[in-house]
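The lines below spell out each chain.
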Amino acid sequence: MNEEKVENIDLKKIKPGISHFWLKVVTNIFGNDIKIPLMVAKGKKKGPVFGITALVHGDELNGLSVIQKVFDRLDLENLKGTIIASPIINVPGFLARKREFSDGRDLNHKFPGKEKGGESVIYAFNIFQRLIINFDYLLDLHTARFGNVNSYYLRANLKEKKIEELSNLLNAEIILNCEGGKGTLRRQAYENKITAITLELGDPNKFQKEMISDSTQGLMNCLISLGMQPGKIILNKEKPIICNSSKRIHTEIGGILEVLPEQGDVIKKGEKIAIVKNVFGKIIEEYFSPDDGVVIGKNINPVNHAGSRIVHMGKIKN
């Protein structure tokens, strides 16, 4: 399969079937193009444009595998509309094996970017203008950061009916109802009238088979629901836990940290959630949950400076 190099996506010129592209974003210090990979599946019949993005942070590998598996499962003969996926958005971060962009910034705080500005700002601008604005729908795939682990959860604005419908098809353990922070890809897509959801798929720097399988089926469920693919929607037996807010609980002193609950655990107010020991093994602090909630994610790095995260806890909707 030929891999064409392009500066913009022209959907009218793309032929039905699967195509691979390298989309130019910016140039590097040698004046050479930095390009992101694109996988495009175009149907013979008209329909929406469904976008999937992964690796906005350079260490979030699960999303890469999900995109590949979704494309392997497509029924091209009966595809309606177009699916555009970028398995690696943050190419400099991916090549450096780092979460951040090459300037040390978090790319997911820089959208929609600016035509003139810092490295990550210009990169975000070109990603948004050359790729994202083509979408009717966007599923943005992420994971936890280094030293942390996540459940499979969604960030979604459930006030929007279509977002709520799709969220309930994605086979997530937890859905966090929120608008999204300024500068995030999801928030900016939403402000540009794109139906957008963030999927948080477990842990960084690894492939997790069960997480990938659940989310792959979830994406297929969305395509079936939108009429883009034939097939039967398959949902997990367990319905997702809905949270209307969340908080991150942090340590107040340094030491060797042990977080007690696992991601996905429902915990009660006053339940012990962590202990901190000194280097001689003596317990110097204990932490207890300030509220009832569910553990969305947790810290697994025992090396704890004062202010380190203990858990990300969601407040369950009554």
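Above this text you will find the structure in question.
Basis of the calculations
Residue numbers restart at each chain and count upward from 1, following the sequence in its written direction. Only residues with pLDDT of at least 70 are given local features in this predicted model, and only at 80 or more are side-chain atom pairs given and counted; all residues enter the totals for whole chains, interfaces and linings. Values reported for side chains reflect all heavy atoms of the structure, with hydrogen atoms and water molecules removed beforehand. Between any two strands, at least two bridges found by DSSP are needed for them to pair. Secondary structure is summarised from DSSP: a helix means a run of H or I of at least four residues, a strand means a run of E of at least two, and numbering begins at the N terminus for each. Think of it in three bands: residues with accessible area under 20% of the maximum for their type are buried, residues over 50% are exposed, and the middle band is partly exposed, with areas taken using a 1.4 Å probe on protein chains only. A patch consists of residues whose relative accessible area exceeds 30% and which take part in no salt bridge; residues with like charges are grouped when within 9 Å of each other, and nonpolar side chains (Val, Leu, Ile, Met, Phe, Trp, Tyr) when within 5 Å. Residue exposure ignores everything except the shown protein chains as possible cover, and the areas themselves are Shrake-Rupley values with a 1.4 Å probe. Any carboxyl oxygen of Asp or Glu that lies within 4 Å of a side-chain nitrogen of Lys or Arg is treated as forming a salt bridge with it. We call a pair of cysteine sulfur atoms a disulfide when they lie within 2.5 Å. Here, nonpolar core refers to any group of buried Ala, Val, Leu, Ile, Met, Phe, Trp, Tyr and Cys residues whose side-chain atoms link them within 4.5 Å. Contacts: residue pairs with any heavy atoms within 4.5 Å of one another.

### Let's talk about the sheet that holds strand 17 (residues 303–304)
Pairing is antiparallel in the open sheet, where 4 strands are placed in the order 15-14-12-17. Each edge of the open sheet is held by one strand with a lone partner, namely strand 15 (283–288) and strand 17.

### Notes on the pairing of strand 3 (residues 33–42)
Of all 10 residues in strand 3, 8 are buried; the element is thus mostly enclosed. Two strands pair when backbone bridges link them, and strand 2 (residues 17–27) and strand 3 are joined in this way by 10 bridges, in the antiparallel orientation. Bridge pairing in strand 3 places K24 opposite K35. Adjacent in sequence and paired antiparallel, strand 2 and strand 3 are bridged by 5 residues, among which G31 carries a positive phi angle near 80°. Pairing of strand 3 with strand 5 (residues 80–86) involves 4 bridges; the strand directions are antiparallel.

### Concerning a nonpolar patch on the surface
Together, I256, V279 and F280 make up a nonpolar patch on the protein surface, roughly 380 Å² of accessible area in all. Topologically, I256 is positioned in strand 12 (residues 255–259).

### Brief notes about the state of the cysteines
Two cysteines joined by a covalent bond between their sulfur atoms form a disulfide. Taken as a whole, this structure holds 0 disulfides when the rule is applied. Summary of cysteine pairing: C222 is not part of a disulfide, and the nearest cysteine sulfur, belonging to C178, is at 17 Å. Residue C222 is classed as buried on the basis of its relative accessible area of 0%. We note that C243 lacks a disulfide partner, and the nearest cysteine sulfur, in C178, lies 10 Å from it.

### Quick word on the pattern of salt bridges
Summed over all chains, the structure comprises 12 salt bridges. Its salt-bridge partner being E165, residue K162 comes within 3.1 Å of it at the nearest N-O pair. Of this pair, K162 and E165 both sit in helix 4 (residues 161–167), 3 residues apart, which is roughly one turn of that helix. A salt bridge links E262 to K298, with the shortest nitrogen-to-oxygen separation between them at 3.8 Å. Pair noted here: E262 is in the loop between strand 12 and strand 13 (266–267) and K298 is in strand 16 (residues 293–299), with a separation of 36 residues, a long-range link. One network of salt bridges, with partners in common, ties together E7, K24 and D33.

### Observations regarding the nonpolar core
Within the largest apolar cluster, 38 residues are counted, with the highest numbers of intra-cluster contacts made by F50, I83, L170, I197 and L199. Not counting chain neighbours up to four residues away, the residues in contact with L199 comprise L139, D140, L141, H142, Y152, Y153, L154, L170, S215 and L219. Core analysis: the second largest hydrophobic core is formed by 35 residues, V25, V26, I34 and I132 among them.

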